[in-house]
Amino acid sequence: MQIITLDGRRMTDRRQTHRYLAMALRFPVYYGRNLDALADCLGEFCGNAILVLRNAEAMRQSLGEYGDRLIGVFSDVAKTSGLRFFIDPD
């Protein structure tokens, strides 16, 4: 099982967040760079991985409500796939 660690400090705005996620999660070039596309690609390409989010509070400060929605996508996909999602308590 692959462990993927994401750094919330690298998610400073929506555009940068999706650019970073596409690179860190090795999504295909057709990744739509929005929350729906994220959910689709997480389920398809990260289904048996462990996803760890570090510096979640820094991400939330930068992204506000969008950061909470992003965490919601990670959590929702983890409930319906083999993905396991954890927030590192920093």
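Residues numbered from 1 in each chain as written. Predicted model: local features only at pLDDT ≥ 70, side-chain atom pairs only at ≥ 80, totals over all residues. Heavy atoms only, no water.

On the surface, a nonpolar cluster with roughly 380 Å² of combined accessible area is contributed by Val29, Tyr30 and Phe45. Counting through the fold element by element, Val29 comes out in the loop between helix H1 (14-24) and helix H2 (35-45). (Patch = residues over 30% accessible without salt bridge, like charges linked within 9 Å, V, L, I, M, F, W, Y side chains within 5 Å. Areas by Shrake-Rupley, 256 points an atom, 1.4 Å probe, with all protein chains shown as cover. Salt bridge = Lys/Arg side-chain N within 4 Å of Asp/Glu carboxyl O. Helix = DSSP H or I, 4+ residues; strand = E, 2+ residues; numbered from the N terminus.)

Turning next to unusual backbone geometry. With the exception of glycine, the majority of residues adopt a negative phi angle, and the majority of peptide bonds are in the trans configuration. Of note in this structure, Arg26 is not a glycine but carries a positive phi near 55°. Taking relative accessible area as the criterion, Arg26 reaches 68% and is therefore assigned exposed. In the Ramachandran plot, Arg33 falls in the positive-phi region, its phi being about 55° despite a non-glycine side chain. Mapped onto the fold, Arg33 is located in the loop between H1 and H2. (Buried < 20%, exposed > 50% of the residue type's maximum accessible area, 1.4 Å probe, protein only.)

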